[in-house]
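In case you want the letters, here they are:
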Amino acid sequence: MAIQTITINQAFDAPVKKVFSTLSDHEKFGKICGIDMERVVDGGAHLNGLGSIREIKIGVLPSFQETIIKFIENERIEYKITKGGPIKNHLGILVFSEFKGKTQLKYTIELESKIPLTTGLIKAVLGFGIKNGLKRYARSLK
């Protein structure tokens, strides 16, 4: 199965600094998306920044870890799965920009399942959960 892509565009009625601060915090981001997420390794200059590792637990599935591989404060976060999980070839990219005091987020996730014929299902479930979580967070800022 080929790599599939999820693209989410979400606007927030708040400055980039506030939105970035919230979404770059692993535990807060997990709560927003309804995912059990915990930082297990601190990053360098920023606790949740470059080199930090977060562990994710979803239901009865085995936990897996994501590592922050690029972190530009108030601009960009990139992460990939580095241990466990049902997904391979995974890359998440969050790009933040500001227009007239509001934040624009472009969130792209590339993924491929380790289990044949399940990439589409994982894409649908993951995309739905993250999209809805970000919409709820955006509404909470109004």
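Scope of this entry: the structure provided in the associated data block. (Residues numbered from 1 in each chain as written. Predicted model: local features only at pLDDT ≥ 70, side-chain atom pairs only at ≥ 80, totals over all residues. Heavy atoms only, no water.)

1. Considering the overall build of the protein chain
Then, in step 1: When you go through the protein chain residue by residue, the secondary structure sums to three helices and seven strands.
Then, in step 2: Put simply, the protein chain runs from its N terminus to its C terminus through helices and strands in the order β-α-α-β-β-β-β-β-β-α.
Then, in step 3: By the compact-globule yardstick of 14 Å for 142 residues, the protein chain fits well, its C-alpha radius of gyration being 15 Å.
Then, in step 4: Once the C-alpha set of the protein chain is aligned to its principal axes, its extents read approximately 45 × 30 × 25 Å.
Then, in step 5: Scored against the burial criterion, the 142 residues of the protein chain give a buried share of 44%.
Then, in step 6: Put simply, of all contacts in the protein chain between residues at least 6 apart along the chain, 44% involve residues at least 24 apart.
Then, in step 7: Both charge centroids of the protein chain, one from 22 positive and one from 14 negative side chains, sit 6 Å from each other. (Helix = DSSP H or I, 4+ residues; strand = E, 2+ residues; numbered from the N terminus. Rg over C-alpha atoms; globule rule 2.2 N^0.38 Å. Buried < 20%, exposed > 50% of the residue type's maximum accessible area, 1.4 Å probe, protein only. Contact = heavy atoms within 4.5 Å. Lys, Arg positive; Asp, Glu negative; His and termini not counted. Charge placed at Lys NZ, Arg CZ, Asp CG, Glu CD.)

2. A short note on the pattern of salt bridges
Then, in step 1: Under the definition given, this model contains five salt bridges.
Then, in step 2: The partner of R39 in a salt bridge is E27, with the nearest N and O atoms 3.9 Å apart. Linking R39 in strand β2 (residues 36-41) with E27 in helix α2 (residues 26-33), this pair joins segments that are twelve residues apart in sequence.
Then, in step 3: Judged by relative accessible area, R39 falls into the partly exposed class, the value being 22%.
Then, in step 4: R39 is paired through a salt bridge with D42; the nearest N and O atoms lie 2.7 Å apart.
Then, in step 5: Using a relative accessible area of 45% as the deciding quantity, one classes D42 as partly exposed.
Then, in step 6: Ionic contacts of the salt-bridge type, sharing partners, join the residues E27, R39 and D42 into one network. (Salt bridge = Lys/Arg side-chain N within 4 Å of Asp/Glu carboxyl O.)

3. Points about the nonpolar core
Then, in step 1: Counting residues in hydrophobic clusters, the biggest one holds 33 residues, and the most contacted among them are F12, V19, L23, F96, L105, Y107 and L134.
Then, in step 2: Elements with a minimum of two residues in this core: β1 (4-12), α1 (16-23), α2, β4 (64-72), β5 (76-84), β6 (87-99), β7 (102-113) and α3 (119-140).
Then, in step 3: Top contributing element to this core by residue count: α3, with five residues.
Then, in step 4: Beyond its immediate stretch of four places on either side in the chain, V19 contacts F12, A14, F96, T103, Y137 and L141. (Core = buried A, V, L, I, M, F, W, Y, C linked by side-chain atoms within 4.5 Å.)

4. Focus: a positive patch on the surface
Then, in step 1: Taken together, the side chains of K102, K131, K135, R136, R139 and K142 make up a positively charged region of the molecular surface.
Then, in step 2: Here the positive patch gets four residues from one element, more than from any other, and that element is α3.
Then, in step 3: Positionally, R136 belongs in helix α3. (Patch = residues over 30% accessible without salt bridge, like charges linked within 9 Å, V, L, I, M, F, W, Y side chains within 5 Å. Areas by Shrake-Rupley, 256 points an atom, 1.4 Å probe, with all protein chains shown as cover.)

5. Here we look at unusual backbone geometry
Trans peptide bonds make up most of the peptide bonds, and negative phi angles are found at most residues other than glycine.
Then, in step 1: Phi is positive for N74, which is not a glycine, with a value near 65 degrees.
Then, in step 2: Considering the arrangement of structural elements, one finds N74 in the loop between β4 and β5.
Then, in step 3: A positive phi angle, near 55 degrees, is found at K100, a position not held by glycine.
Then, in step 4: Relative to the assigned elements, K100 resides in the loop between β6 and β7.

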